[in-house]
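Inside the fold
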Number of protein chains: 2
Amino acid sequence: MMIDAATRSWVEVPEGSDFPIQNLPYGVFVDASGVRCGVAIGDSILDLARAEAVGLFATTELDRDTFRRDDLNGLLQHSRGVWSAVRSRIVSVLDASNRAGREFCEAHDLVIAGPVQMRMPIRVGDYVDFYSSEQHATNLGKMFRPDSEPLLPNWRHLPVGYHGRSGTVVVSGTPIKRPHGQLRGSSGPVFGPSQRLDMELEVGFITGGGPGIGTPISVEDAEHHIFGLCLVNDWSARDIQAWEYVPLGPFLGKSFATTISPWIVPLEALEPFRVPAGDQEPVPLPYLSSDHHIGLDLDLSVEITPAGSAEAFDLTRTSFTNMYWTMAQQLAHITANGATIRPGDLFASGTVSGQTRDEFGSLIEITWNGTNPIEFPDGSSRTFLHDGDTVTIRGRCTADGAVSIGFGACVGTIVR
Amino acid sequence: MMIDAATRSWVEVPEGSDFPIQNLPYGVFVDASGVRCGVAIGDSILDLARAEAVGLFATTELDRDTFRRDDLNGLLQHSRGVWSAVRSRIVSVLDASNRAGREFCEAHDLVIAGPVQMRMPIRVGDYVDFYSSEQHATNLGKMFRPDSEPLLPNWRHLPVGYHGRSGTVVVSGTPIKRPHGQLRGSSGPVFGPSQRLDMELEVGFITGGGPGIGTPISVEDAEHHIFGLCLVNDWSARDIQAWEYVPLGPFLGKSFATTISPWIVPLEALEPFRVPAGDQEPVPLPYLSSDHHIGLDLDLSVEITPAGSAEAFDLTRTSFTNMYWTMAQQLAHITANGATIRPGDLFASGTVSGQTRDEFGSLIEITWNGTNPIEFPDGSSRTFLHDGDTVTIRGRCTADGAVSIGFGACVGTIVR
């Protein structure tokens, strides 16, 4: 359900908060009472496990103890109708216009003042990383294959992607240990810490949606199987990647860690921010075509706090509207060969890069493979990441007549 | 524990069975009493759930109901010491020289006459597919990149691999639906059923091994984290693969299905069949080097039963000793960048190909990209797989002074 812009919560929501009642993203948190699922509202959290225990979801089809667990997968396995019903129940107790809702929450102590420690929100099934920004693919093509056309012949015909390592997807705040690996040396490869550690600004979607999940999903139906979105930092060791990646693609240059933001923003909350997707030329094959060709007006930014600095500097400001392939097309493509998806599968967009340097989504693009360092106002500069650097990705949707919502932060600090 | 060649079971084991008491592989089966874990002995199964319920594993560190579940992951999470203790308890009740063991089994009805229906033995965490046969990588290099050196510069320095789709790993016997996908056409790509559907003969290992699993694993320690092995058929749609795979590697050409054999042969059972691994030139970097450079003398075969035929024909006979990179090196490599592994991760070897056509592990090699069809004794021939074709992979270890053991069959039939 879409929540009217006039709706307010009785829970205090600070001005400019990412989490007004129009958002209601899901996450997993831990405090002295244990690990469980919750929904963010302002700086507070609605304790879903407790809410469930006192009957808030009794009229929905949720299984017992759906939220008294350490992932959202119990919710994800249900269909979109159940997701809507649950969201509707949550709104009912947080809406300021429903006095009984507030009394219910207060009587059962359902709203917890933040901040609390966040955990991985989902148990990731498979993790797929696409490559769906034309500018990013072009930039990397120019750098990695300078002697050929930057965009390969297949790129405009299908959403190129690969499977990443689901076991090393971590939640925002997890320190990122600089990976070791094989690097090209002057007389053959050497083993050591990556000297070209990079970030990639991406947006991920998480699947679910009940039975029927095992058959090819059409572009039209795809969004029935998208539960929600999060921010993704696809950490990349460019030197490991450059040496290992032919012919089977990225492997250890990516598999050491992938960070996601802790709150999963439901697709329903993003409805006011839908925009027509960009034109595609050539027109994709029928299984990738749809009149329902919809993108998302989501502003994205990356800040870096250099090691030893108290200050964060802008690295990038870009928009998810830059993507060539849409989420619905990505999901239709991945299932077109008969592959099944599962609740909790994570699909990342690929680096979101715009047309100009200040809109590029990775350091390798911003510094053009390290040849053009980026300078910060405090005099420091970077080609790639140093130990102690902190990278923060943020995302925010705004639209006329809608209450702006955000994704929370996706943060990682490089450690030795 | 290694089980002496003189040991016999009181359970009847047919001559030439894959599953004498020296093997004792683990699997998951279902009958009228439900889904649970078992161990194969001859044509029978020791019901581990029932054995656990009546106290067989009381002296081990297993959690309650480790085997009353639909995967072996509860066992996999323990350390090698626990795996040994469990194996020892199983031997104690199956060994013909222990009358009390037989009485215990019979009193509690622990041995079930087969055949029963087998299920996926593990819940796969991540699935990685290597590319570790020099002959296979050379053959495919010649076909896919005819204008350059077949073996790429990195190949002899590291075990090249990629992540596959864990959600579509299926157990032997599952029908394999011919995948659809984008195929190169004369005027751009077209969408349709793969016309070049292939199999790949591989061997997989499954990880586990308790705490400490999150840090880089040395070649020496690697086998502490290898629970056991199975056979793998890495089904491949060559036409989908050829069009999609640059620059990020195999994706939908592989992700539709991967078949594994239902029985996981414990590494302990394979001890008599260990052999020195082949020489490597150049000598790998220190993190991939070890005096403990051990391969496995495992004979592998593939048969095909063409659609409509009652007869199976030999496609390939080869040996796992053909592999250039060892399992221990593969595991050391994958964790060298700090990536964690989990109980239930599956690592496949890559296609096992020998030097000559009758030792190649895939149809694309045997028929040289479809240019040289293989002829069968009944007059039929194949370049790639037809609907109705059944592919069966088998594996068997023999050694002087040891009882031969097998892997059971890894079977799949192509359906439309």
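Conventions we followed
- Residues numbered from 1 in each chain as written.
- Chains lettered and ligands numbered in written order.
- Predicted model: local features only at pLDDT ≥ 70, side-chain atom pairs only at ≥ 80, totals over all residues.
- Heavy atoms only, no water.
- Core = buried A, V, L, I, M, F, W, Y, C linked by side-chain atoms within 4.5 Å.
- Buried < 20%, exposed > 50% of the residue type's maximum accessible area, 1.4 Å probe, protein only.
- Contact = heavy atoms within 4.5 Å.
- Helix = DSSP H or I, 4+ residues; strand = E, 2+ residues; numbered from the N terminus.
- Least-squares fit on C-alpha atoms with pLDDT ≥ 70 in both.
- Domains from an automatic or database assignment.
- Buried area = accessible area lost by both parts, 1.4 Å probe.
- Salt bridge = Lys/Arg side-chain N within 4 Å of Asp/Glu carboxyl O.
- Polar contact = N/O pair within 3.5 Å; in protein donor to acceptor, adjacent residues only side chain to side chain.
- Nonpolar A, V, L, I, M, F, W, Y, C, P; charged D, E, K, R; others polar.
- Phe/Tyr/Trp six-rings, centres within 6.5 Å; stacked < 30°, edge-to-face > 60°.
- Pairing = 2+ DSSP bridges.
- 1 Å grid on protein atoms, 1.4 Å probe; cavity = no way out; pocket = protein on both sides within 12 Å on 5 of 7 lines; lining within 4 Å.
- Points joined across faces, edges and corners; volume = space filled by probe spheres on them.

1. Remarks on the nonpolar core
Of all hydrophobic cores here, the largest spans 154 residues; its most connected members are Leu-229 and Leu-270 of chain A together with Leu-229 and Leu-270 of chain B. Discounting residues that sit within four places of it in the chain, Leu-270 of chain A has contacts with Leu-229, Val-265, Leu-296, Cys-397, Ile-405 and Phe-407 of chain A.

2. A look at the environment of Val-170 of chain B
Following the sequence through the fold, Val-170 of chain B ends up in strand β8 (residues 169–171). Not counting chain neighbours up to four residues away, the residues in contact with Val-170 of chain B comprise Met-120, Ile-176, Thr-258, Thr-259 and Ile-260 of chain B.

3. Side note on the relation of the copies chain A and chain B
Overlaying chain A on chain B yields an RMSD of 0.0 Å, the required transformation being a rotation through 180° with an accompanying axial translation of 0.0 Å. Taken together, the turn and the small shift mark the pair as related by a two-fold rotation axis. For chain A, the minimum C-alpha distance to the rotation axis belongs to Gly-249 of chain A and amounts to 2.1 Å. Most of the interface of chain A is mirrored in chain B, where 100% of its interface residues again form contacts.

4. Focus on the domain arrangement of chain A
Residue and element names in this part refer to chain A. The assigned domain composition of chain A is domain 1 (26–119) and domain 2 (127–415). Counting residues at the interface gives 19 residues for domain 1 and 18 residues for domain 2. When the two sides are added together, the surface that domain 1 and domain 2 hide from each other amounts to roughly 1,600 Å², 67% of it contributed by carbon and sulfur. One can count zero salt bridges joining domain 1 with domain 2. In this assembly, domain 1 and domain 2 are joined by six residue pairs in polar contact (both at pLDDT 80 or more). Taken together, the elements giving at least two residues each to the side of domain 1 that touches domain 2 come down to β1 (26–31), β2 (34–41), α2 (73–76), α3 (80–94) and β5 (117–119). Looking at the side of domain 1 that touches domain 2 element by element, the count peaks at four residues for α3. When grouped by side-chain class, the residues that make up the side of domain 1 that touches domain 2 number nine nonpolar, seven polar and three charged.

5. What about the environment of Val-219 of chain B?
Residue and element names in this part refer to chain B. Turning to its location among the elements, Val-219 is positioned in the loop between β13 (201–207) and β14 (226–233). The class for Val-219 is buried, based on a relative accessible area of 1%. C-alpha of Val-219 to C-alpha of Gln-330: the two residues are 111 residues apart in sequence and 8.5 Å apart in space.

6. Comments concerning the pattern of salt bridges
Residues and elements named next belong to chain A. Under the definition given, this model contains 47 salt bridges over all chains. Residue Arg-50 pairs with Asp-47 through a salt bridge whose shortest N-O separation is 3.5 Å. A relative accessible area of 24% means that Arg-50 is categorised as partly exposed. The exposure class of Asp-47 is buried, given its relative accessible area of 0%. When salt bridges with common partners are traced through the structure, they connect Asp-31, Arg-36, Asp-47, Arg-50 and Asp-109 into a single cluster.

7. Topic: the packing of aromatic side chains
As enumerated under the stated definition, the model contains 24 aromatic pairs over all chains in all. Ring centres of Phe-205 of chain A and Phe-347 of chain A lie 5.0 Å apart, and the angle between their planes is 15°; on these two criteria the pair is classed as stacked. Remark: Phe-347 of chain A occurs in strand β22 (residues 346–348) and Phe-205 of chain A occurs in strand β13 (residues 201–207); sequence separation between them is 142 residues. The exposure classification of Phe-205 of chain A matches that of Phe-347 of chain A, with both residues buried. Both rings, one in Trp-83 of chain B and one in Phe-227 of chain B, keep their centres 4.9 Å apart while their planes meet at 85°; by these two values the pair is edge-to-face. Taken together, the positions of Trp-83 of chain B in helix α3 (residues 80–94) and Phe-227 of chain B in strand β14 put the pair 144 residues apart, joining distant regions of the chain. The pair formed by Trp-83 of chain B and Phe-227 of chain B is uniform in burial state, with each residue classed as buried. Cluster of aromatic residues (ring-pair linked, three or more members): Phe-130, Phe-205 and Phe-347 of chain A together with Phe-251 of chain B.

8. What about the side chain of Asp-198 of chain B?
Residues and elements named next belong to chain B. Following the sequence through the fold, Asp-198 ends up in strand β12 (residues 197–198). Residue Asp-198 is classed as buried on the basis of its relative accessible area, which comes to 0%. A distance of 2.9 Å separates the side chain of Asp-198 from the side chain of Arg-238, its partner in a polar contact. The residues touching Asp-198, leaving out its near neighbours within four places in the chain, are Trp-235, Ser-236, Arg-238, Ser-362, Leu-363, Ile-364, Phe-384 and Leu-385.

9. Considering the interface of chain A and chain B
Counting from both sides, the interface comprises 52 residues of chain A and, opposite them, 52 residues of chain B. Approximately 4,800 Å² of surface area, both sides summed, lies buried where chain A meets chain B, with 61% of it carried by carbon and sulfur atoms. Of all residues in chain A, Arg-165, Leu-248 and Phe-251 of chain A give up the largest surface area on contact with chain B, accounting jointly for 17% of the area buried on that side. Connecting chain A to chain B are four salt bridges. In this structure, Asp-126 of chain A and Arg-165 of chain B form a salt bridge, with 4.0 Å as the shortest nitrogen-oxygen distance. For the pair chain A and chain B, the interface holds 26 residue pairs in polar contact (both at pLDDT 80 or more). Of all the secondary structure elements, the ones that give two or more residues to the side of chain A that touches chain B are β6 (127–130), β7 (161–164), β10 (180–183), β11 (190–193), α6 (238–244) and α7 (327–335) of chain A.

10. Structural notes on the pairing of strand β20 (residues 298–305) of chain B
Side chains on a regular strand alternate between the two faces of the sheet. Residue and element names in this part refer to chain B. Of all eight residues that make up β20, six are buried, and the element is covered over most of its length. Pairing of β20 with strand β25 (residues 390–397), which is carried by eight bridges, proceeds in the antiparallel orientation. Of the residues in β25, the one forming a bridge with Leu-300 is Gly-395. When β20 meets strand β21 (residues 313–319), the two strands line up antiparallel, connected through six bridges. Across the sheet, Ser-301 pairs through a bridge with Arg-317, a residue of β21.

11. Details of the layout of surface pockets
Considered as a void within the structure, the largest pocket measures approximately 850 Å³ in volume. Looking at the largest pocket, it is lined by 33 residues, and the ones nearest its centre are Val-246 and Pro-247 of chain A together with Arg-145, Tyr-245 and Val-246 of chain B. Put simply, the parts of the chain that give the lining of the largest pocket at least two residues each are α5 (134–144) and α6 of chain A together with α5 (134–144) and α6 (238–244) of chain B. When the residues that make up the lining of the largest pocket are grouped by side-chain class, the tally is 18 nonpolar, five polar and ten charged.

12. Observations regarding α5 of chain B
Residues and elements named next belong to chain B. The buried fraction of α5 is high, at eight of eleven residues. Among the residues of α5, those classed as buried are Gln-135, His-136, Ala-137, Thr-138, Asn-139, Leu-140, Gly-141 and Met-143. Its buried side turned inward, α5 meets α6 and α8 (363–366).

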